[in-house]
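Chain residues, written in single-letter form:
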Amino acid sequence: MTKPLVEIQNLRVDFPTASGGYNPAVRGVSMALGREKLGIVGESGSGKSVTGRALMRLLPEAARVRADKLVFDGVDVLNASERTMRGLRGGRIGLILQDPKYSLNPVMTVGAQISEAWRAHNKGGKREAREAALNLLEQVRIRDPRRVLDSYPHEVSGGMGQRIMIAMMLAPDPAMLIADEPTSALDASVQAEILKLIDDLVSARGMGLMLISHDLPLVARFCDRVAVMYAGQVMETLPAQDLHRAEHPYTRGLLDCMPHLSQKRARLPVLTRDPKWLEQHS
Amino acid sequence: MTKPMIEAGKLNVHFGDNHVVHDVSFSVAAGETFGLVGESGSGKSTVLRCIAGLVDSWDGVLAVDGQQLGHKRDKAFFQRVQMVFQDPYGSLHPRQTVDRILSEPLAVHGIPDAETRITKALEEVALPRTARFRYPHQLSGGQRQRVAIARALIANPSVLLLDEPTSALDVSVQAEVLNLLADLRQARQLTCILVSHNLAVVGHLCRRLAVMQGGRIVEILTEDQLRAGQSNHAHTRDLIALSHELEG
């Protein structure tokens, strides 16, 4: 295997508390990601989003980030200059967030926003940028790209908004995409379409994908590998197709507590949290 | 069949020139939990909001407990019918403590014994006593949704309208809230309508459900038909197939 795109070794992130101490959010996470699709799954507060943001150095200044190694494509993220980081963020690494309603600028047309993203990382004039935006909208399979180009975010549906976000992230031709709960604000049917789109684009362009979500089965369907996080640590990492053979009781618990259409149950099993899961792994 | 608790007949809703709900009719028996499923924009939440009295531009027939509903509802109606919304972040007042949030319905409806009722309501939704004087931002998402449920139940309603009550929650918390809802409706003999786009959630709580598309009910199914995939409408079959696919 060639050198991985992302190398994380013993990442620790702490947030300051009001009383002057530190609250650990990520406690020693190690993972490597090549040009593949890695899912990070866990409940809210498990540190999955913080891990993704640490890689882009997008955490608030007050946060304490330490790692033995935090490298993206040869760049040491912890010690890189702000200038280098600006090239990474939105350039080499694209970030897709949960709700397009909040991540798109409400007072700019869709075309202007995509053009802006394109011009920030490419050389070219306004007209070229607009052409590029149109092309990108076609790539994310928007039916009437010319009309969408001149609309405002409130005029498009949630699914379309997310396609626009993806188009914007693809503008600088990134090497990696971090998708943080990209479909949680969407319907089941739109969810599947968006994930399929991300999947196709990532495969076609040979990008790396980090898909962060709380929905285990969903992630397993679209990723090659799944890392399950709990309380700031990775509980287990396993190939997605072996998910049903997961051994860790936490993973089993997450799988079990979902209602299933094919199976009738009077009560849903509730996750019992073993204090042992909190112990620091070596 | 016993007398229906909730009835909708030829319900139509217009928002300006937009005709968003077309001739929707269904009835829900007392003690039953009825599901409304569909994609966003199918009109399922709008139907629920008409029953709750939050949408005014409807015509047709709506009745709760045999009484026809007008466009203006009296106070007794708002005690009998309560609603739980999707996002507990948005539906609780950020600058009111849980105690204040729970006292409000009691004050509005002139219900005495606030002290004991609030303690009991917190117990019923399995919130610790310490939660009583916290603000919503000091609670987790699941705890917040429990507060929203406690607020809905504290006025002792007979009808509970649930609009995507678990879609903003983690799956582990979703399981707890679904169990809680199942227990409460049993203990209090509640009649519920559950709106959701998640078929598995609806199948878990509802014995009967309506599938909506483009503002119309395309089909009414029983839970068993849903689970067995016995459907006569293409849209329902698509939704069921998708749900099975996502379950893996």
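Residues numbered from 1 in each chain as written. Chains lettered and ligands numbered in written order. Predicted model: local features only at pLDDT ≥ 70, side-chain atom pairs only at ≥ 80, totals over all residues.

- An unreviewed UniProt entry annotates chain A as ABC transporter ATP-binding protein of Teichococcus aerophilus.
- What UniProt records for chain A under Subcellular location (unreviewed entry) is the sentence "Cell inner membrane".
- Checking UniProt for chain A, the heading Sequence similarities (unreviewed entry) contains the comment "Belongs to the ABC transporter superfamily." (UniProt positions renumbered as here; feature names shortened; annotations may be inferred.)

Quick look at the overall build of chain B
Then comes step 1: Per the secondary structure count, chain B includes 10 helices and 10 strands.
Then comes step 2: Rg of the C-alpha trace for chain B: 18 Å, near the compact-globule value of 18 Å for 248 residues, within the 12% margin.
Then comes step 3: Taken over the C-alpha atoms alone, chain B extends approximately 50 × 45 × 40 Å along its principal axes.
Then comes step 4: A buried classification covers 44% of the 248 residues belonging to chain B.
Then comes step 5: Residue pairs in contact within chain B that sit at least 24 positions apart in sequence constitute 67% of those at least 6 positions apart. (Helix = DSSP H or I, 4+ residues; strand = E, 2+ residues; numbered from the N terminus. Rg over C-alpha atoms; globule rule 2.2 N^0.38 Å. Buried ≥ 20, exposed ≤ 12 C-beta atoms within 10 Å, placed from the backbone. Contact = placed C-beta atoms within 7 Å.)

Describing the confidence of the model for chain B
Then comes step 1: Mean pLDDT over chain B stands at 92; residues scoring 70 or higher make up 99%.
Then comes step 2: Both scores are given for the predicted complex: the pTM is 0.86, the ipTM 0.79. (pLDDT = per-residue confidence, 0-100.)

So, the nonpolar core
Then comes step 1: Judged by nonpolar contacts, the single largest core of 153 residues is most densely connected at Ile193(B) and Leu209(B).
Then comes step 2: Contacts of Ile193(B), omitting those with residues within four sequence positions, involve Ile6(B), Val28(B), Phe34(B), Leu36(B), Leu48(B), Leu161(B) and Leu162(B). (Core = buried A, V, L, I, M, F, W, Y, C linked by C-beta atoms within 7 Å.)

Observations regarding the sheet that holds strand 7 (residues 93–96) of chain A
Residues and elements named next belong to chain A.
Then comes step 1: Across the sheet, which stays open at both edges, the six strands sit in the order 7-8-9-3-10-11 with mixed pairing between neighbours. Two strands in the sheet have a free side with no partner beyond their single neighbour: strand 7 and strand 11 (233–239). Each adjacent strand pair in this sheet contributes to an overall mean axis angle of 15 degrees, direction not counted.
Then comes step 2: Against the sheet, helix 1 (residues 48–56) contacts strand 3 (37–41), strand 7, strand 8 (176–180), strand 9 (208–213) and strand 10 (225–230), and its axis sits at roughly 145 degrees relative to strand 9. (Pairing = 2+ DSSP bridges. Axes fitted to C-alpha atoms, helices over the stretch in contact; angles between N-to-C directions.)

Describing helix 4 (residues 98–108) of chain B
All names here are of chain B.
Then comes step 1: Within the sequence span of helix 4, burial applies to Val-98, Ile-101, Leu-102 and Pro-105. End-on, the buried residues of helix 4 take up no more than an arc of 90 degrees, which puts them together on one face. Away from its buried face by more than 90 degrees, helix 4 exposes Ala-107 and Val-108.
Then comes step 2: Phi for Gly-110, located one or two positions after helix 4, is positive at around 60 degrees. (Arc of directions from axis to C-beta.)

What to know about the UniProt feature "domain: ABC transporter" (unreviewed entry) in chain A
Then comes step 1: The residues that UniProt annotates with the feature "domain: ABC transporter" (unreviewed entry) are residues 6–256 of chain A.
Then comes step 2: Between the end C-alpha atoms of residues 6–256 of chain A there is a gap of 32 Å, over a span that is 39% helix and 26% strand.

Some thoughts on the interface of chain A and chain B
Then comes step 1: In this assembly, 25 residues from chain A lie in contact with 24 residues from chain B.
Then comes step 2: Those elements that place two or more of their residues in the side of chain A that touches chain B are helix 8 (188–205) and helix 9 (216–222) of chain A.
Then comes step 3: With four residues, the single largest contributor to the side of chain A that touches chain B is helix 9 of chain A.
Then comes step 4: Of the residues belonging to the side of chain A that touches chain B, the class tally is 13 nonpolar, six polar and six charged. (Nonpolar A, V, L, I, M, F, W, Y, C, P; charged D, E, K, R; others polar.)

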